[in-house]
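Chain and residue survey
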Number of protein chains: 2
Amino acid sequence: MNVVNLKRKRFLEVSLKLIHEKGFKGTTMRDIATQLNCDVANVYNYVDSKQALLEEKLFEISGAFHESINNILISSYSPVDKLKAIVSFHIQLTSRRPFEVALLVNEWRNLKEPILSKFLEEKGGYEDKVRSIIKEGINSGVLRDMDLEIATFAMLSSIRWLHDKYTDPAKTVNPIELEKQISDFILEGIRA
Amino acid sequence: MNVVNLKRKRFLEVSLKLIHEKGFKGTTMRDIATQLNCDVANVYNYVDSKQALLEEKLFEISGAFHESINNILISSYSPVDKLKAIVSFHIQLTSRRPFEVALLVNEWRNLKEPILSKFLEEKGGYEDKVRSIIKEGINSGVLRDMDLEIATFAMLSSIRWLHDKYTDPAKTVNPIELEKQISDFILEGIRA
DNA sequence: GTCTATAATTCGATAGAC
DNA sequence: GTCTATCGAATTATAGAC
């Protein structure tokens, strides 16, 4: 990797960390420049605009989630194993790219039309895919006959906040152990 | 209620709805004025500053959560019934004041020091109380012997996003049914 | 790539007349 | 309470010299 890309990589790291701390609107190009020890104008060497930065990183990490769930959907896994696999790659992506996942969860509201609509459509599509797996499980009897909508909602909520465990170095958890604990929570609950 | 308070009530409704849609930083005093069909200057009849609005509503709804969980803590309920009661009042507060709950979940990052630290301390205290109930349940054997930290985290995640179901009129769910579904999810999971 | 300087806009908040 | 007018500060982004 050449010097230019190393500098851009550092720019992205600093930007994502600042956005996580102060929010997208609360992070100024000056904040980023200060962290990079350079002037505001230099930031535009790495990105066309603040909005372009948001769109680039957000759809990049979003694409990684979609790619993973698509591979699971076309697999021959059982519904339960599909759900386990979803938990697994959520934790993997989140542990490896916590600040990008945090961006995806926290900052999509800052997208502007028509890109916002495009994102919401993709987001809905992702939820539809999870719903279809749970529906399959309920229909075949391996999952309880609970409200499909709430089951999907609860399942996704249980894994949507994992980035909190990885954006803070003090909280870091072993991904393998976390995967087992979260899968057990979703499948078996907490009652003994 | 006199005319002044009716107008302030409408101001608060409009403000909270706009903040939910566009975020705190993304909502301008001019946006609020436009929705109220008045000028920017009039907005300051109802609140001293934008920051004061955030602090007032955020600590108000936060206080409601703390009051509820404190009542549960000192009750003679079993650990499982305490957790059920937590789910219950989360859903009640969320269904009755969805935009205030959304503010609490989404916008606390916009608080400024030293108030931010005060909030984070209270937030940590709330999580500690939930953790203590789960610990009691694990120790007495009524809950599975899972990682205490992850159990607390997963439990809270499962109820933290309920406001999504009530800020959108199209999604509204029967609170009583939702309460049973969420409690079952947390206690028993989704496996048949 | 880096800097200085600045354009163009937007925002929170206030003053003061009615 | 409502309005007009405006201040002062902050922000994104660009122009142009080095």
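Description of the structure in this document. (Residues numbered from 1 in each chain as written. Chains lettered and ligands numbered in written order. Predicted model: local features only at pLDDT ≥ 70, side-chain atom pairs only at ≥ 80, totals over all residues. Heavy atoms only, no water.)

Examining the overall build of chain A
Each helix and strand counted, chain A has ten helices and zero strands in total. Secondary structure elements of chain A occur, N-terminal to C-terminal, as α-α-α-α-α-α-α-α-α-α. Here the C-alpha coordinates of chain A stretch approximately 60 × 40 × 30 Å along the principal axes. Every one of the 192 residues in chain A was classed for burial, and the buried ones make up 51%. Across chain A, every contact between residues at least 6 apart in sequence was considered, and the portion connecting residues at least 24 apart equals 67%. For chain A, the accessible area works out to roughly 9,200 Å², and carbon and sulfur atoms hold 50% of it. The positive charge centre, built from 27 side chains, and the negative charge centre, built from 27, are 3 Å apart in chain A. (Helix = DSSP H or I, 4+ residues; strand = E, 2+ residues; numbered from the N terminus. Buried < 20%, exposed > 50% of the residue type's maximum accessible area, 1.4 Å probe, protein only. Contact = heavy atoms within 4.5 Å. Areas by Shrake-Rupley, 256 points an atom, 1.4 Å probe, with all protein chains shown as cover. Lys, Arg positive; Asp, Glu negative; His and termini not counted. Charge placed at Lys NZ, Arg CZ, Asp CG, Glu CD.)

A few points about unusual backbone geometry
For the bond from E113 of chain A to P114 of chain A, the omega torsion is 5°, close enough to zero to count as cis. For P114 of chain A, the position within the fold is in the loop between α6 (98-106) and α7 (115-140).

With respect to the relation of the copies chain A and chain B
For the pair chain A and chain B, the superposition axis carries a translation of 0.0 Å, the fit reaches an RMSD of 0.0 Å, and the rotation angle comes to 180°. Taken together, the rotation and translation describe the operation of a two-fold axis. Judged by C-alpha distance, G189 of chain A is the residue of chain A that lies nearest the rotation axis, at 1.9 Å. Comparing contact sets, 100% of the residues at the interface of chain A also lie at the interface in chain B, consistent with an isologous, same-surface contact. (Least-squares fit on C-alpha atoms with pLDDT ≥ 70 in both.)

Focus on the interface of chain A and chain B
With 37 residues of chain A at the contact, the number on the chain B side is 39 residues. Across the chain A to chain B interface the summed buried area is about 4,100 Å²; carbon plus sulfur atoms make up 61%. Area buried by chain A at its contact with chain B is led by W161, I190 and R191 of chain A, which between them contribute 20% of it. At the junction of chain A and chain B, the tally comes to two salt bridges. Taking the shortest distance from any N to any O, the salt bridge between E188 of chain A and R191 of chain B comes out at 2.8 Å. If you look at where chain A meets chain B, you find 18 residue pairs in polar contact (both at pLDDT 80 or more). Only α5 (79-96), α6, α8 (148-160) and α10 (175-188) of chain A provide two or more residues apiece to the side of chain A that touches chain B. Partitioned by chemical class, the residues of the side of chain A that touches chain B number 19 nonpolar, eight polar and ten charged. (Buried area = accessible area lost by both parts, 1.4 Å probe. Salt bridge = Lys/Arg side-chain N within 4 Å of Asp/Glu carboxyl O. Polar contact = N/O pair within 3.5 Å; in protein donor to acceptor, adjacent residues only side chain to side chain. Nonpolar A, V, L, I, M, F, W, Y, C, P; charged D, E, K, R; others polar.)

Some thoughts on α8 of chain A
Residues and elements named next belong to chain A. Taking 1.5 Å of rise per residue, the 13 residues of α8 would be expected to cover 18 Å, and the 18 Å separating its terminal C-alpha atoms lies within 8% of that figure. For α8, the tally of buried residues reaches eleven of 13 residues, placing the bulk of the element in the interior. Three or more residues of α8 are buried, namely I150, A151, T152, F153, A154, M155, L156, S157, S158, I159 and R160. N-capping of α8 is provided by D147, with a side-chain oxygen placed 2.9 Å from the backbone N of E149. (Expected span 1.5 Å × (residues − 1).)

Focus on the packing of α8 of chain A against helix α10 (residues 175-188) of chain B
Packing of α8 of chain A against α10 of chain B brings their axes to within 10 Å, and their N-to-C directions diverge by 50°. By the angle class used here, α8 of chain A and α10 of chain B are oblique. Handedness of the α8 of chain A/α10 of chain B crossing: right-handed. Between α8 of chain A, through I150, A154, M155 and S158 of chain A, and α10 of chain B, the contact on the second element is made entirely by L178, Q181, I182 and F185 of chain B. Looking at the contact of α8 of chain A with α10 of chain B, its residues break down into six nonpolar, two polar and no charged. (Axes fitted to C-alpha atoms, helices over the stretch in contact; angles between N-to-C directions. Parallel < 35°, antiparallel > 145°, perpendicular 65-115°, else oblique. Left-handed = near helix turned anticlockwise from the far one by under 90°.)

Considerations on the side chain of E100 of chain A
All names here are of chain A. Here E100 is to be found in helix α6. In this structure E100 comes out as buried when scored by relative accessible area, which is 11%. Within the local environment of E100, its side chain forms a polar contact with the side chain of R97, the two groups lying 3.0 Å apart. Beyond its immediate stretch of four places on either side in the chain, E100 contacts L16, K57, E60 and I61.

Side note on the environment of V142 of chain A
Within the secondary structure, V142 of chain A sits in the loop between α7 and α8. Separated by 98 residues in the primary sequence, V142 of chain A and Y44 of chain A place their C-alpha atoms 53 Å from one another. Setting aside chain neighbours within four positions, we find V142 of chain A in contact with V80 and G137 of chain A together with R191 and A192 of chain B.

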